[in-house]
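Geometric and topological summary
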Amino acid sequence: MNLALDLNTILTSLVLGGILWILKNQSSNTTAIALTMQKHEQVEREIVELRARVVAAEVAITEVSLRVAHLEGPKP
């Protein structure tokens, strides 16, 4: 009877340990996915900001080009 109880206890412990291991790995995967998604969103925000800066720079270049053309006057 004690041998059966000991085997049952060992098997139960192994099963519970396996369940805890699976849950731990699942939690780690979920955390990794969440961090990856967060990084992806941050990169997308940075790309949008950089595109806005490019547009602003293009506008500034166009303004300077218009001023230069105005200062040079009409071409013969």
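These lines cover the structure that appears in this document, whether it is placed above or below. (Residues numbered from 1 in each chain as written. Predicted model: local features only at pLDDT ≥ 70, side-chain atom pairs only at ≥ 80, totals over all residues. Heavy atoms only, no water.)

**Structural notes on the overall build of the chain**
Where we set the bar: Going along the chain from the N terminus, every DSSP run of H or I of four or more residues is numbered as a helix, and every run of E of two or more is numbered as a strand. The globule rule used for comparison is 2.2 Å times the number of residues to the exponent 0.38, while the radius of gyration itself is calculated over C-alpha atoms. Only protein chains enter the accessibility calculation, which uses a 1.4 Å probe; a residue is then buried when its area is under 20% of its type maximum, exposed when over 50%, and partly exposed in between. Note on areas: Shrake-Rupley with a 1.4 Å probe; residue coverage comes only from the protein chains shown. Charge assignment: positive for Lys and Arg, negative for Asp and Glu; neither His nor the chain ends contribute. In this description, the location of a charge corresponds to atom NZ of lysine, CZ of arginine, CG of aspartate or CD of glutamate.
Tallying secondary structure elements over the chain gives 1 helix and 0 strands in all. Relative to a compact globule of 76 residues, whose C-alpha radius of gyration would be 11 Å, the chain shows 33 Å and is clearly more extended. Dimensions of the chain, computed from C-alpha atoms along their principal axes, come out at roughly 110 × 15 × 5 Å. Counting all 76 residues of the chain, 0% fall into the buried class. Of the roughly 7200 Å² of accessible surface on the chain, a fraction of 68% belongs to carbon and sulfur atoms. Of the charged side chains in the chain, 7 are positive and 8 negative; the average position of the first set lies 4 Å away from that of the second.

**As for the pattern of salt bridges**
Opposite charge on two side chains makes pairing possible when the charged atoms of those side chains draw close. Convention followed: Salt bridges are identified by distance alone: a Lys or Arg side-chain nitrogen within 4 Å of an Asp or Glu carboxyl oxygen.
Summed over all chains, the structure comprises 1 salt bridge. Between R53 and E49 there is a salt bridge whose closest N-O contact spans 2.9 Å. Of this pair, R53 and E49 both sit in helix α1 (residues 2-72), 4 residues apart, roughly one helical turn.

**Overview of the environment of V68**
Structurally, V68 is set in helix α1. For V68, a relative accessible area of 39% corresponds to the partly exposed category. Here the alpha-carbon distance between V68 and I22, two residues 46 residues apart in the chain, equals 69 Å.

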